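# Residue-level structure breakdown
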Amino acid sequence: MTDGDLLRDDARTREAFKRGDRWALTEVYRVYYPLVTTVVTRGFGGFRGFFNPADRDDAIQSIFAAAFEQKARLRYNGLDPYTAFLRGIAQNVVRRMLERRTKFMRTDGQPELEHKEVETAEAQFLDAEAIQVVRAFRETIQEPVQRQILASYFVDGDAEETIAKDLGITRYKVRKTISLLDRRMRRYLKQHGLP
Amino acid sequence: MASRNLKRTKALCLRYLDPNRPWTGADDRELRELVRTHAECSDWYNRSVSIHRSLVGASPGLPSAFERERMLLATMDAVSRAESQRAHFGLRWVVPLLVAGAVGIVVISTQRNVPENAPALAPIDSDYFGARGSGAADAIGVGVGITGVTESNQAYEVTASETSLYLDDYLRITLSRTADEYPFVFVFGVQPDRQPVWYEPDPEHGGLSSVSVSKGEAIPLGGSGDPIEFKLSGRHVTGALTVFALFSQKPLLQSDVARMLSTLPPTASADTLTAEMYETLAPAAGTFIVTSVSSVIRGGRREAAQ
(Lines give C-alpha, C1' and ligand atoms only; values in the text may rest on other atoms or scores of the structure.)
Protein backbone atom coordinates (compact mmCIF):
# COMPACT_ATOMS: atom_id res chain seq x y z
CA MET A 1 0.00 0.00 0.00
CA THR A 2 3.03 2.25 -0.14
CA ASP A 3 2.63 2.89 -3.86
CA GLY A 4 -1.02 2.29 -4.60
CA ASP A 5 -4.11 3.32 -2.73
CA LEU A 6 -7.18 1.18 -3.35
CA LEU A 7 -9.88 3.79 -2.89
CA ARG A 8 -8.05 6.56 -4.69
CA ASP A 9 -6.99 4.40 -7.63
CA ASP A 10 -9.99 2.13 -8.15
CA ALA A 11 -13.08 4.13 -9.13
CA ARG A 12 -15.40 1.10 -9.08
CA THR A 13 -14.48 0.16 -5.54
CA ARG A 14 -14.63 3.80 -4.46
CA GLU A 15 -18.16 4.27 -5.80
CA ALA A 16 -19.31 0.98 -4.29
CA PHE A 17 -17.74 1.98 -0.98
CA LYS A 18 -19.57 5.29 -1.03
CA ARG A 19 -22.84 3.48 -1.74
CA GLY A 20 -22.11 1.16 1.18
CA ASP A 21 -21.87 -2.06 -0.84
CA ARG A 22 -20.86 -4.87 1.45
CA TRP A 23 -18.17 -6.28 -0.83
CA ALA A 24 -16.46 -2.90 -1.07
CA LEU A 25 -16.62 -2.28 2.68
CA THR A 26 -15.17 -5.73 3.24
CA GLU A 27 -12.35 -5.04 0.81
CA VAL A 28 -11.60 -1.67 2.41
CA TYR A 29 -11.57 -3.26 5.88
CA ARG A 30 -9.09 -5.90 4.77
CA VAL A 31 -6.82 -3.59 2.78
CA TYR A 32 -6.59 -0.79 5.36
CA TYR A 33 -6.65 -2.97 8.49
CA PRO A 34 -2.81 -2.93 8.79
CA LEU A 35 -2.82 0.88 8.75
CA VAL A 36 -5.41 1.02 11.53
CA THR A 37 -3.53 -1.50 13.65
CA THR A 38 -0.34 0.53 13.21
CA VAL A 39 -2.10 3.63 14.54
CA VAL A 40 -3.53 1.83 17.57
CA THR A 41 -0.39 -0.15 18.43
CA ARG A 42 2.34 2.41 17.68
CA GLY A 43 0.42 5.61 18.28
CA PHE A 44 1.19 9.04 16.88
CA GLY A 45 2.58 12.29 18.22
CA GLY A 46 3.24 11.81 21.90
CA PHE A 47 0.87 8.85 22.23
CA ARG A 48 2.71 5.52 22.20
CA GLY A 49 -0.19 3.30 21.29
CA PHE A 50 -2.62 1.15 23.24
CA PHE A 51 -1.02 -1.61 25.18
CA ASN A 52 -3.60 -4.27 25.94
CA PRO A 53 -5.82 -6.28 23.55
CA ALA A 54 -9.07 -4.87 24.96
CA ASP A 55 -8.11 -1.29 24.16
CA ARG A 56 -6.52 -2.13 20.84
CA ASP A 57 -9.48 -4.14 19.61
CA ASP A 58 -11.94 -1.52 20.84
CA ALA A 59 -9.99 1.19 19.01
CA ILE A 60 -9.87 -0.84 15.77
CA GLN A 61 -13.62 -1.37 15.84
CA SER A 62 -14.36 2.24 16.73
CA ILE A 63 -12.14 3.53 13.91
CA PHE A 64 -13.79 1.36 11.26
CA ALA A 65 -17.25 2.18 12.60
CA ALA A 66 -16.46 5.89 12.22
CA ALA A 67 -14.91 5.42 8.77
CA PHE A 68 -17.90 3.42 7.52
CA GLU A 69 -20.53 5.92 8.58
CA GLN A 70 -22.31 7.24 5.53
CA LYS A 71 -21.17 10.82 6.11
CA ALA A 72 -17.54 9.77 6.37
CA ARG A 73 -17.78 7.62 3.24
CA LEU A 74 -19.24 10.43 1.21
CA ARG A 75 -16.73 12.96 2.52
CA TYR A 76 -13.73 11.22 0.97
CA ASN A 77 -12.82 13.18 -2.18
CA GLY A 78 -11.26 10.34 -4.16
CA LEU A 79 -8.23 12.46 -5.08
CA ASP A 80 -6.04 12.29 -2.00
CA PRO A 81 -4.80 8.95 -0.68
CA TYR A 82 -7.46 7.28 1.45
CA THR A 83 -4.66 6.25 3.81
CA ALA A 84 -4.26 9.91 4.82
CA PHE A 85 -8.03 10.36 5.19
CA LEU A 86 -8.37 7.20 7.28
CA ARG A 87 -5.36 8.09 9.40
CA GLY A 88 -7.09 11.38 10.22
CA ILE A 89 -10.26 9.54 11.27
CA ALA A 90 -8.22 7.06 13.31
CA GLN A 91 -6.35 9.76 15.17
CA ASN A 92 -9.56 11.61 15.97
CA VAL A 93 -11.18 8.44 17.29
CA VAL A 94 -8.14 7.66 19.44
CA ARG A 95 -8.04 11.23 20.79
CA ARG A 96 -11.70 10.95 21.78
CA MET A 97 -10.97 7.64 23.51
CA LEU A 98 -8.03 9.17 25.37
CA GLU A 99 -10.06 12.19 26.42
CA ARG A 100 -12.72 9.94 27.90
CA ARG A 101 -10.19 8.05 29.93
CA THR A 102 -7.16 8.84 32.00
CA LYS A 103 -5.53 5.48 32.36
CA PHE A 104 -3.31 5.80 29.29
CA MET A 105 0.09 7.36 29.80
CA ARG A 106 1.20 9.95 27.32
CA THR A 107 4.92 10.26 26.82
CA ASP A 108 7.13 12.05 24.40
CA GLY A 109 9.32 9.05 23.78
CA GLN A 110 9.67 7.07 20.59
CA PRO A 111 7.28 4.17 20.04
CA GLU A 112 8.50 0.92 21.52
CA LEU A 113 9.53 -1.83 19.19
CA GLU A 114 6.54 -4.00 18.39
CA HIS A 115 8.13 -7.34 19.38
CA LYS A 116 8.85 -5.97 22.84
CA GLU A 117 5.21 -4.88 23.31
CA VAL A 118 3.96 -8.22 22.07
CA GLU A 119 6.00 -10.25 24.52
CA THR A 120 5.07 -7.99 27.40
CA ALA A 121 1.38 -8.04 26.50
CA GLU A 122 1.18 -11.82 26.58
CA ALA A 123 3.13 -12.05 29.82
CA GLN A 124 0.92 -9.51 31.53
CA PHE A 125 -2.29 -11.49 31.13
CA LEU A 126 -0.96 -15.03 31.49
CA ASP A 127 1.52 -16.38 33.98
CA ALA A 128 4.60 -18.19 32.69
CA GLU A 129 3.13 -21.63 33.31
CA ALA A 130 -0.06 -20.81 31.46
CA ILE A 131 1.92 -19.48 28.52
CA GLN A 132 3.83 -22.75 28.35
CA VAL A 133 0.64 -24.76 28.52
CA VAL A 134 -1.25 -22.90 25.79
CA ARG A 135 1.76 -22.79 23.51
CA ALA A 136 2.09 -26.56 23.85
CA PHE A 137 -1.43 -27.12 22.49
CA ARG A 138 -0.31 -27.04 18.88
CA GLU A 139 2.07 -29.91 19.57
CA THR A 140 -0.92 -32.08 20.46
CA ILE A 141 -2.31 -31.72 16.94
CA GLN A 142 -0.69 -34.54 14.97
CA GLU A 143 -3.02 -34.85 12.01
CA PRO A 144 -1.46 -32.82 9.13
CA VAL A 145 -4.82 -31.64 7.78
CA GLN A 146 -5.86 -30.40 11.21
CA ARG A 147 -2.54 -28.59 11.69
CA GLN A 148 -2.92 -26.97 8.29
CA ILE A 149 -6.49 -25.86 8.99
CA LEU A 150 -5.50 -24.50 12.41
CA ALA A 151 -2.91 -22.27 10.75
CA SER A 152 -4.88 -21.38 7.61
CA TYR A 153 -8.18 -20.59 9.31
CA PHE A 154 -7.23 -19.12 12.67
CA VAL A 155 -3.92 -17.43 11.85
CA ASP A 156 -3.81 -16.69 8.12
CA GLY A 157 -7.52 -15.98 7.80
CA ASP A 158 -8.07 -18.01 4.64
CA ALA A 159 -11.68 -18.55 3.59
CA GLU A 160 -13.12 -22.04 3.98
CA GLU A 161 -13.46 -22.36 0.22
CA THR A 162 -9.79 -21.56 -0.28
CA ILE A 163 -8.72 -24.02 2.39
CA ALA A 164 -10.92 -26.73 0.91
CA LYS A 165 -9.44 -26.14 -2.54
CA ASP A 166 -5.86 -26.08 -1.26
CA LEU A 167 -6.29 -29.29 0.71
CA GLY A 168 -8.46 -31.06 -1.86
CA ILE A 169 -11.31 -31.67 0.58
CA THR A 170 -14.88 -30.46 0.73
CA ARG A 171 -15.89 -27.24 2.47
CA TYR A 172 -18.07 -29.27 4.78
CA LYS A 173 -15.01 -31.26 5.90
CA VAL A 174 -13.23 -27.97 6.56
CA ARG A 175 -16.13 -26.80 8.74
CA LYS A 176 -16.20 -30.09 10.59
CA THR A 177 -12.47 -29.88 11.26
CA ILE A 178 -12.79 -26.30 12.54
CA SER A 179 -15.50 -27.47 14.95
CA LEU A 180 -13.33 -30.38 16.01
CA LEU A 181 -10.35 -28.11 16.65
CA ASP A 182 -12.53 -25.75 18.66
CA ARG A 183 -13.75 -28.64 20.83
CA ARG A 184 -10.18 -29.87 21.31
CA MET A 185 -9.03 -26.40 22.37
CA ARG A 186 -11.82 -26.11 24.94
CA ARG A 187 -11.18 -29.58 26.29
CA TYR A 188 -7.45 -28.86 26.50
CA LEU A 189 -8.02 -25.65 28.46
CA LYS A 190 -10.41 -27.42 30.81
CA GLN A 191 -7.91 -30.19 31.43
CA HIS A 192 -5.31 -27.58 32.40
CA GLY A 193 -7.65 -25.51 34.54
CA LEU A 194 -7.70 -22.53 32.19
CA PRO A 195 -10.89 -20.60 31.33
CA MET B 1 -18.75 -14.18 43.35
CA ALA B 2 -18.56 -12.94 39.78
CA SER B 3 -20.58 -9.84 39.05
CA ARG B 4 -23.36 -9.85 36.54
CA ASN B 5 -21.18 -7.84 34.14
CA LEU B 6 -18.35 -10.33 34.43
CA LYS B 7 -20.68 -13.27 33.87
CA ARG B 8 -22.04 -11.59 30.77
CA THR B 9 -18.52 -10.84 29.56
CA LYS B 10 -17.52 -14.48 30.04
CA ALA B 11 -20.52 -15.62 28.02
CA LEU B 12 -19.82 -13.13 25.27
CA CYS B 13 -16.12 -14.06 25.14
CA LEU B 14 -17.07 -17.72 24.77
CA ARG B 15 -19.38 -16.85 21.90
CA TYR B 16 -16.83 -14.48 20.34
CA LEU B 17 -14.19 -17.18 20.15
CA ASP B 18 -16.51 -20.00 19.09
CA PRO B 19 -16.40 -20.63 15.33
CA ASN B 20 -19.71 -22.50 15.52
CA ARG B 21 -21.73 -19.60 16.83
CA PRO B 22 -22.74 -16.41 15.03
CA TRP B 23 -21.37 -13.05 16.09
CA THR B 24 -23.40 -9.91 15.42
CA GLY B 25 -22.84 -6.20 15.58
CA ALA B 26 -25.01 -6.08 18.71
CA ASP B 27 -22.88 -8.76 20.43
CA ASP B 28 -19.72 -6.88 19.55
CA ARG B 29 -21.08 -3.55 20.78
CA GLU B 30 -22.17 -5.09 24.08
CA LEU B 31 -18.84 -6.81 24.67
CA ARG B 32 -16.78 -3.70 23.85
CA GLU B 33 -18.95 -1.57 26.11
CA LEU B 34 -18.54 -3.97 29.05
CA VAL B 35 -14.80 -4.21 28.49
CA ARG B 36 -14.51 -0.43 28.14
CA THR B 37 -16.30 0.36 31.36
CA HIS B 38 -15.41 -2.45 33.80
CA ALA B 39 -11.84 -3.32 34.70
CA GLU B 40 -12.74 -6.91 35.65
CA CYS B 41 -14.36 -7.40 32.24
CA SER B 42 -11.34 -5.89 30.51
CA ASP B 43 -9.05 -8.26 32.41
CA TRP B 44 -11.16 -11.25 31.43
CA TYR B 45 -11.22 -10.24 27.78
CA ASN B 46 -7.43 -9.73 27.73
CA ARG B 47 -6.90 -13.13 29.28
CA SER B 48 -9.36 -14.92 26.97
CA VAL B 49 -8.02 -13.50 23.73
CA SER B 50 -4.39 -13.96 24.86
CA ILE B 51 -5.09 -17.64 25.48
CA HIS B 52 -6.89 -17.98 22.15
CA ARG B 53 -4.03 -16.30 20.28
CA SER B 54 -1.40 -18.47 21.91
CA LEU B 55 -3.42 -21.63 21.32
CA VAL B 56 -3.72 -21.07 17.60
CA GLY B 57 -0.21 -19.68 17.21
CA ALA B 58 -1.11 -16.09 16.36
CA SER B 59 0.74 -12.98 17.50
CA PRO B 60 -0.40 -12.23 21.08
CA GLY B 61 -0.52 -8.49 20.57
CA LEU B 62 -3.07 -8.36 17.75
CA PRO B 63 -6.30 -10.14 16.87
CA SER B 64 -5.88 -13.53 15.21
CA ALA B 65 -7.26 -13.83 11.69
CA PHE B 66 -10.29 -15.56 13.20
CA GLU B 67 -10.94 -12.63 15.55
CA ARG B 68 -10.37 -10.21 12.69
CA GLU B 69 -13.12 -11.94 10.72
CA ARG B 70 -15.45 -11.69 13.73
CA MET B 71 -14.65 -7.98 14.03
CA LEU B 72 -15.19 -7.45 10.33
CA LEU B 73 -18.55 -9.23 10.42
CA ALA B 74 -19.67 -7.18 13.39
CA THR B 75 -18.72 -3.98 11.58
CA MET B 76 -20.57 -5.06 8.46
CA ASP B 77 -23.59 -6.01 10.52
CA ALA B 78 -23.62 -2.60 12.21
CA VAL B 79 -23.35 -0.78 8.87
CA SER B 80 -26.09 -2.93 7.40
CA ARG B 81 -28.40 -2.17 10.33
CA ALA B 82 -27.70 1.54 10.08
CA GLU B 83 -28.46 1.51 6.34
CA SER B 84 -31.57 -0.53 6.95
CA GLN B 85 -32.83 1.89 9.58
CA ARG B 86 -32.23 4.78 7.23
CA ALA B 87 -34.10 2.99 4.46
CA HIS B 88 -37.03 2.21 6.76
CA PHE B 89 -37.14 5.80 7.90
CA GLY B 90 -37.42 6.82 4.27
CA LEU B 91 -40.05 4.18 3.59
CA ARG B 92 -42.33 5.60 6.27
CA TRP B 93 -43.03 8.46 3.91
CA VAL B 94 -43.41 6.57 0.67
CA VAL B 95 -45.23 3.44 1.86
CA PRO B 96 -48.71 4.98 1.67
CA LEU B 97 -48.04 5.85 -1.97
CA LEU B 98 -46.59 2.46 -2.81
CA VAL B 99 -49.36 0.47 -1.17
CA ALA B 100 -51.86 1.72 -3.72
CA GLY B 101 -49.82 0.26 -6.56
CA ALA B 102 -48.53 -2.82 -4.78
CA VAL B 103 -50.90 -5.33 -6.35
CA GLY B 104 -50.01 -4.14 -9.81
CA ILE B 105 -46.31 -4.39 -9.09
CA VAL B 106 -46.63 -7.95 -7.86
CA VAL B 107 -48.60 -9.08 -10.89
CA ILE B 108 -46.21 -7.48 -13.37
CA SER B 109 -42.92 -8.21 -11.68
CA THR B 110 -43.45 -11.89 -10.93
CA GLN B 111 -43.64 -12.52 -14.67
CA ARG B 112 -40.43 -10.69 -15.44
CA ASN B 113 -37.59 -12.74 -16.83
CA VAL B 114 -39.49 -15.97 -16.37
CA PRO B 115 -39.46 -18.27 -19.40
CA GLU B 116 -42.67 -18.55 -21.38
CA ASN B 117 -43.20 -22.14 -20.30
CA ALA B 118 -42.82 -21.30 -16.63
CA PRO B 119 -45.84 -22.15 -14.49
CA ALA B 120 -47.45 -19.47 -12.40
CA LEU B 121 -46.00 -19.26 -8.91
CA ALA B 122 -48.19 -20.83 -6.28
CA PRO B 123 -49.88 -18.15 -4.22
CA ILE B 124 -48.23 -17.61 -0.87
CA ASP B 125 -48.96 -14.97 1.65
CA SER B 126 -48.15 -14.31 5.26
CA ASP B 127 -50.61 -17.00 6.39
CA TYR B 128 -49.17 -19.71 4.17
CA PHE B 129 -46.95 -22.07 6.12
CA GLY B 130 -47.01 -25.18 3.96
CA ALA B 131 -43.85 -26.39 2.32
CA ARG B 132 -43.65 -25.90 -1.42
CA GLY B 133 -41.49 -28.09 -3.55
CA SER B 134 -39.75 -31.21 -2.43
CA GLY B 135 -36.60 -30.10 -4.11
CA ALA B 136 -37.59 -31.79 -7.34
CA ALA B 137 -37.24 -29.74 -10.51
CA ASP B 138 -40.63 -28.99 -12.04
CA ALA B 139 -41.49 -27.65 -15.50
CA ILE B 140 -39.29 -24.60 -14.98
CA GLY B 141 -36.27 -26.84 -14.48
CA VAL B 142 -35.29 -25.81 -10.97
CA GLY B 143 -36.55 -26.46 -7.45
CA VAL B 144 -35.74 -26.13 -3.77
CA GLY B 145 -36.72 -28.38 -0.88
CA ILE B 146 -35.98 -28.66 2.81
CA THR B 147 -35.36 -31.61 5.07
CA GLY B 148 -35.11 -31.72 8.85
CA VAL B 149 -32.38 -33.86 10.37
CA THR B 150 -32.42 -34.89 14.00
CA GLU B 151 -29.39 -34.99 16.29
CA SER B 152 -29.33 -38.77 15.75
CA ASN B 153 -29.12 -38.21 11.99
CA GLN B 154 -32.72 -39.19 11.19
CA ALA B 155 -33.91 -37.15 8.21
CA TYR B 156 -37.54 -36.15 7.69
CA GLU B 157 -38.77 -34.36 4.62
CA VAL B 158 -40.80 -31.26 5.24
CA THR B 159 -43.88 -31.70 3.10
CA ALA B 160 -47.32 -30.21 2.93
CA SER B 161 -48.61 -32.76 5.45
CA GLU B 162 -45.72 -32.39 7.87
CA THR B 163 -44.73 -28.78 7.81
CA SER B 164 -42.78 -28.40 11.01
CA LEU B 165 -39.10 -28.26 11.74
CA TYR B 166 -37.80 -28.40 15.31
CA LEU B 167 -35.41 -25.90 16.77
CA ASP B 168 -33.05 -28.54 18.12
CA ASP B 169 -32.76 -30.22 14.70
CA TYR B 170 -30.69 -29.42 11.64
CA LEU B 171 -31.84 -27.99 8.32
CA ARG B 172 -30.75 -29.60 5.07
CA ILE B 173 -31.57 -27.73 1.86
CA THR B 174 -31.86 -29.58 -1.43
CA LEU B 175 -31.66 -28.09 -4.91
CA SER B 176 -32.67 -29.47 -8.26
CA ARG B 177 -31.69 -28.22 -11.67
CA THR B 178 -32.42 -29.69 -15.07
CA ALA B 179 -32.47 -26.43 -17.03
CA ASP B 180 -29.26 -25.14 -18.65
CA GLU B 181 -29.99 -21.46 -18.17
CA TYR B 182 -29.59 -21.30 -14.38
CA PRO B 183 -26.04 -22.36 -13.49
CA PHE B 184 -25.92 -20.24 -10.31
CA VAL B 185 -27.93 -20.26 -7.12
CA PHE B 186 -28.21 -18.00 -4.09
CA VAL B 187 -29.92 -19.47 -1.01
CA PHE B 188 -31.10 -17.65 2.09
CA GLY B 189 -33.84 -17.82 4.69
CA VAL B 190 -36.25 -15.20 5.96
CA GLN B 191 -38.11 -15.04 9.25
CA PRO B 192 -40.42 -12.17 10.22
CA ASP B 193 -38.70 -9.35 12.08
CA ARG B 194 -35.29 -11.02 11.75
CA GLN B 195 -32.16 -10.45 9.72
CA PRO B 196 -31.88 -12.84 6.74
CA VAL B 197 -30.03 -16.10 7.32
CA TRP B 198 -27.40 -16.59 4.61
CA TYR B 199 -27.00 -20.24 3.71
CA GLU B 200 -25.05 -20.10 0.44
CA PRO B 201 -23.15 -17.91 -0.13
CA ASP B 202 -22.48 -17.30 3.55
CA PRO B 203 -20.57 -14.04 4.14
CA GLU B 204 -19.47 -15.36 7.53
CA HIS B 205 -17.43 -17.90 5.62
CA GLY B 206 -16.17 -15.66 2.88
CA GLY B 207 -19.05 -16.14 0.41
CA LEU B 208 -19.73 -12.98 -1.58
CA SER B 209 -21.75 -14.17 -4.58
CA SER B 210 -23.98 -16.96 -5.91
CA VAL B 211 -22.47 -20.41 -6.08
CA SER B 212 -22.58 -22.76 -9.04
CA VAL B 213 -25.20 -25.48 -8.88
CA SER B 214 -24.81 -28.92 -10.41
CA LYS B 215 -27.45 -30.51 -12.55
CA GLY B 216 -29.44 -33.17 -10.80
CA GLU B 217 -32.45 -33.86 -8.60
CA ALA B 218 -32.66 -32.95 -4.91
CA ILE B 219 -28.94 -32.49 -4.35
CA PRO B 220 -28.18 -31.18 -0.86
CA LEU B 221 -26.12 -28.03 -0.40
CA GLY B 222 -22.53 -29.19 0.01
CA GLY B 223 -23.15 -32.26 -2.18
CA SER B 224 -24.67 -35.66 -1.54
CA GLY B 225 -21.53 -37.04 0.10
CA ASP B 226 -21.08 -34.26 2.63
CA PRO B 227 -24.35 -32.33 2.87
CA ILE B 228 -24.12 -29.06 4.77
CA GLU B 229 -26.63 -29.01 7.60
CA PHE B 230 -27.50 -25.88 9.51
CA LYS B 231 -28.17 -26.14 13.24
CA LEU B 232 -31.58 -24.49 13.47
CA SER B 233 -31.05 -23.12 16.97
CA GLY B 234 -27.89 -21.35 15.80
CA ARG B 235 -29.39 -18.63 13.65
CA HIS B 236 -33.15 -19.20 13.70
CA VAL B 237 -36.02 -18.70 16.10
CA THR B 238 -39.38 -20.43 16.36
CA GLY B 239 -41.94 -19.26 13.82
CA ALA B 240 -42.35 -19.06 10.07
CA LEU B 241 -39.34 -19.68 7.86
CA THR B 242 -39.19 -19.19 4.11
CA VAL B 243 -36.14 -20.47 2.28
CA PHE B 244 -35.50 -18.75 -1.04
CA ALA B 245 -33.32 -20.17 -3.80
CA LEU B 246 -32.56 -17.66 -6.54
CA PHE B 247 -31.47 -19.45 -9.69
CA SER B 248 -29.75 -17.24 -12.24
CA GLN B 249 -27.70 -17.11 -15.40
CA LYS B 250 -25.10 -14.79 -13.79
CA PRO B 251 -23.98 -14.82 -10.15
CA LEU B 252 -25.68 -12.37 -7.79
CA LEU B 253 -23.67 -10.35 -5.30
CA GLN B 254 -24.53 -10.95 -1.66
CA SER B 255 -24.33 -7.20 -1.06
CA ASP B 256 -26.99 -6.58 -3.73
CA VAL B 257 -29.36 -9.13 -2.18
CA ALA B 258 -28.74 -7.75 1.31
CA ARG B 259 -29.39 -4.20 0.15
CA MET B 260 -32.60 -5.22 -1.60
CA LEU B 261 -33.87 -6.94 1.57
CA SER B 262 -32.88 -4.00 3.75
CA THR B 263 -35.23 -1.71 1.83
CA LEU B 264 -38.25 -3.85 2.74
CA PRO B 265 -40.14 -3.89 6.02
CA PRO B 266 -38.96 -6.75 8.28
CA THR B 267 -42.46 -8.23 8.20
CA ALA B 268 -42.74 -8.29 4.39
CA SER B 269 -44.59 -11.35 3.10
CA ALA B 270 -42.97 -13.95 0.84
CA ASP B 271 -45.06 -12.52 -2.03
CA THR B 272 -43.67 -9.05 -1.51
CA LEU B 273 -40.13 -10.36 -1.23
CA THR B 274 -40.51 -12.42 -4.40
CA ALA B 275 -41.89 -9.47 -6.32
CA GLU B 276 -39.09 -7.21 -5.14
CA MET B 277 -36.46 -9.78 -6.10
CA TYR B 278 -37.68 -9.90 -9.67
CA GLU B 279 -37.91 -6.13 -9.77
CA THR B 280 -34.48 -5.41 -8.29
CA LEU B 281 -32.21 -8.36 -8.97
CA ALA B 282 -33.28 -9.57 -12.41
CA PRO B 283 -31.28 -6.98 -14.39
CA ALA B 284 -27.98 -8.21 -12.94
CA ALA B 285 -28.94 -11.87 -12.95
CA GLY B 286 -29.67 -12.47 -16.62
CA THR B 287 -32.24 -15.25 -16.88
CA PHE B 288 -33.58 -15.46 -13.37
CA ILE B 289 -36.13 -17.35 -11.35
CA VAL B 290 -37.10 -17.24 -7.70
CA THR B 291 -38.13 -20.45 -5.95
CA SER B 292 -39.06 -20.79 -2.31
CA VAL B 293 -40.26 -23.23 0.29
CA SER B 294 -41.99 -22.30 3.54
CA SER B 295 -42.30 -24.05 6.86
CA VAL B 296 -42.67 -23.39 10.57
CA ILE B 297 -39.97 -23.92 13.18
CA ARG B 298 -41.32 -25.20 16.47
CA GLY B 299 -39.58 -25.34 19.83
CA GLY B 300 -37.43 -28.24 20.93
CA ARG B 301 -38.65 -31.81 20.46
CA ARG B 302 -38.59 -32.42 24.20
CA GLU B 303 -40.87 -29.42 24.73
CA ALA B 304 -43.16 -30.56 21.92
CA ALA B 305 -43.49 -34.03 23.49
CA GLN B 306 -44.70 -32.65 26.81
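Analysis parameters
Residues numbered from 1 in each chain as written. Chains lettered and ligands numbered in written order. Predicted model: local features only at pLDDT ≥ 70, side-chain atom pairs only at ≥ 80, totals over all residues. Heavy atoms only, no water. Helix = DSSP H or I, 4+ residues; strand = E, 2+ residues; numbered from the N terminus. Buried < 20%, exposed > 50% of the residue type's maximum accessible area, 1.4 Å probe, protein only. Contact = heavy atoms within 4.5 Å. Buried area = accessible area lost by both parts, 1.4 Å probe. Salt bridge = Lys/Arg side-chain N within 4 Å of Asp/Glu carboxyl O. Polar contact = N/O pair within 3.5 Å; in protein donor to acceptor, adjacent residues only side chain to side chain. Pairing = 2+ DSSP bridges. Phe/Tyr/Trp six-rings, centres within 6.5 Å; stacked < 30°, edge-to-face > 60°. Axes fitted to C-alpha atoms, helices over the stretch in contact; angles between N-to-C directions. Nonpolar A, V, L, I, M, F, W, Y, C, P; charged D, E, K, R; others polar. Expected span 1.5 Å × (residues − 1). Arc of directions from axis to C-beta. pLDDT = per-residue confidence, 0-100.

Scanning chain A for helices and strands turns up eleven helices and zero strands. When the helices and strands of chain A are read in sequence order from the N terminus, they spell out α-α-α-α-α-α-α-α-α-α-α. For chain A, the residues scored as buried account for 49% of the 195 residues in total. For chain A, contacts bridging at least 24 residues in sequence account for 63% of all contacts bridging at least 6.

Attention now goes to the overall build of chain B. Scanning chain B from N- to C-terminus turns up eight helices and eleven strands. A burial count over chain B gives 50% of its 306 residues as buried. Sequence-distant contacts, at least 24 apart, represent 74% of the contacts inside chain B between residues at least 6 apart.

Between chain B and chain A, the residue contacts involve 58 residues of the former and 57 residues of the latter. Carbon and sulfur atoms supply 58% of the area that chain B and chain A bury against each other, a total of about 5300 Å² over both sides. Our enumeration of links across chain B and chain A arrives at six salt bridges. For Asp58 of chain A, the salt bridge identified is with Arg36 of chain B, shortest N-O distance 2.7 Å. Linking chain B with chain A are 16 residue pairs in polar contact (both at pLDDT 80 or more), by the criterion used here. For the side of chain B that touches chain A, the element with the highest residue contribution is helix α4 (residues 65-109) of chain B, accounting for 14 residues.

The subject of this paragraph is the pairing of strand β5 (residues 184-190) of chain B. Residues and elements named next belong to chain B. Counted residue by residue, β5 has six buried out of seven residues, so it is predominantly covered. Of the pairings in the sheet, the one linking β5 to strand β7 (residues 211-212) comprises two bridges and is antiparallel in character. Across the sheet, Phe184 pairs through a bridge with Ser212, a residue of β7. In this structure, the hairpin formed by β5 and strand β6 (residues 197-200) is closed by a connection of six residues, where Asp193 is found at a positive phi of approximately 60 degrees.

Residue and element names in this part refer to chain B. One pass over the full model with this rule turns up 23 aromatic pairs over all chains. Seen in terms of ring centroids, Phe186 and Phe188 are 6.0 Å apart; in terms of plane orientation they differ by 75 degrees. Their pairing is edge-to-face. Accessibility expressed as a relative area gives 0% for Phe186, which makes it buried. Phe188 sits in the buried class, given a relative accessible area of 0%. Taking 5.6 Å as the distance between ring centres and 70 degrees as the angle between the ring planes, the aromatic pair formed by Tyr278 and Phe288 counts as edge-to-face.

Time to look at the packing of helix α2 (residues 25-37) of chain B against helix α3 (residues 39-56) of chain B. Residues and elements named next belong to chain B. Remark: α2 packs on α3, axes separated minimally by 5 Å, with the N-to-C direction vectors making an angle of 115 degrees. In this structure, α2 uses Leu31, Arg32, Leu34, Val35 and Thr37 to contact α3, whose residues at the interface are Ala39, Cys41, Ser42 and Tyr45. Classifying every residue of the contact of α2 with α3 by side-chain character gives six nonpolar, two polar and one charged.

This part takes up helix α1 (residues 4-16) of chain B. All names here are of chain B. Look at α1: 18 Å from first C-alpha to last across 13 residues, which is about the 18 Å you get at 1.5 Å a residue. Residues of α1 that are buried include every one of Leu6, Thr9, Leu12, Cys13 and Tyr16, and no others. Relative to the axis of α1, the buried residues are bounded by an arc of 125 degrees and lie together on one face. What points out from α1, more than 90 degrees from its buried face, is the exposed set Arg4 and Lys7.

With that settled, the discussion passes to the pattern of salt bridges. Here the structure, examined in full by the defined rule, presents 20 salt bridges over all chains. Put simply, Asp202 of chain B and Arg235 of chain B hold a salt bridge, and the shortest N to O gap is 3.7 Å. Here Asp202 of chain B, found in the loop between β6 and β7, pairs with Arg235 of chain B, found in helix α5 (residues 232-235); they are 33 residues apart in sequence, far enough to count as distant. For Asp202 of chain B, a relative accessible area of 1% puts it in the buried group. Since its relative accessible area comes to 22%, Arg235 of chain B is described here as partly exposed. When salt bridges with common partners are traced through the structure, they connect Glu160, Glu161, Arg171 and Arg175 of chain A together with Glu200 of chain B into a single cluster.

Turning next to the confidence of the model for chain A. All names here are of chain A. Considering every residue of chain A, the mean pLDDT works out to 84; 86% of them sit at 70 or more. Predicted confidence in chain A is weakest over helix α7 (residues 114-125), with a mean pLDDT of 55, and strongest over helix α4 (residues 53-67), with 95. Ignoring residues within four places in sequence, the model shows residues 103-119, a span with pLDDT below 50, making 26 contacts including any to other chains.

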